[in-house]
Amino acid sequence: MYTPNDKDQIILSEMVQLVVESEEYQKLTETDKIRAIATGVDRNKGGGYPYFYGVSVRTDKQTYLFSCQDKTCSKMGIGGWTYSRYSENEPELPLKE
């Protein structure tokens, strides 16, 4: 339910590109420091395909949850936000032992 298969991985990687090209993402880069972008699948989430896919943009302030704006997923937009670990913790890179 939460593990992306091969087709999911392709869809999610294309969604990341749509997020980076979106106006909302561009505005975020002006006010927040982007720390990470992660993808996810939640087939238990209401709405069904393609709405169970998501892209999280993690900044130094909060995490913005991008999702498809229509059934064709031709546009991504911010659907919500949540806590970002980077508001209290440093990035893991560069790796330290």
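Scope of this entry: the structure provided in the associated data block. Please read all numbers here as calculations on a predicted model, not as lab measurements.

Rules used in this analysis
- Residues numbered from 1 in each chain as written.
- Predicted model: local features only at pLDDT ≥ 70, side-chain atom pairs only at ≥ 80, totals over all residues.
- Heavy atoms only, no water.
- 1 Å grid on protein atoms, 1.4 Å probe; cavity = no way out; pocket = protein on both sides within 12 Å on 5 of 7 lines; lining within 4 Å.
- Points joined across faces, edges and corners; volume = space filled by probe spheres on them.
- Helix = DSSP H or I, 4+ residues; strand = E, 2+ residues; numbered from the N terminus.
- Nonpolar A, V, L, I, M, F, W, Y, C, P; charged D, E, K, R; others polar.
- Disulfide = S-S within 2.5 Å.
- Buried < 20%, exposed > 50% of the residue type's maximum accessible area, 1.4 Å probe, protein only.

Taken as a whole, the largest pocket spans an internal volume of roughly 160 Å³. No other element matches strand 2 (residues 53-59), which puts five residues into the lining of the largest pocket. Per-class residue counts for the lining of the largest pocket are five nonpolar, six polar and two charged.

Inspection of every chain in the model, using the stated rule, returns one disulfide. Cys 68 shares a disulfide with Cys 73; S-S distance 2.0 Å. Taking the torsion about the sulfur-sulfur bond, which here is approximately -75°, the covalent link between Cys 68 and Cys 73 counts as left-handed. With relative accessibility at 14%, the residue Cys 73 sits in the buried group.

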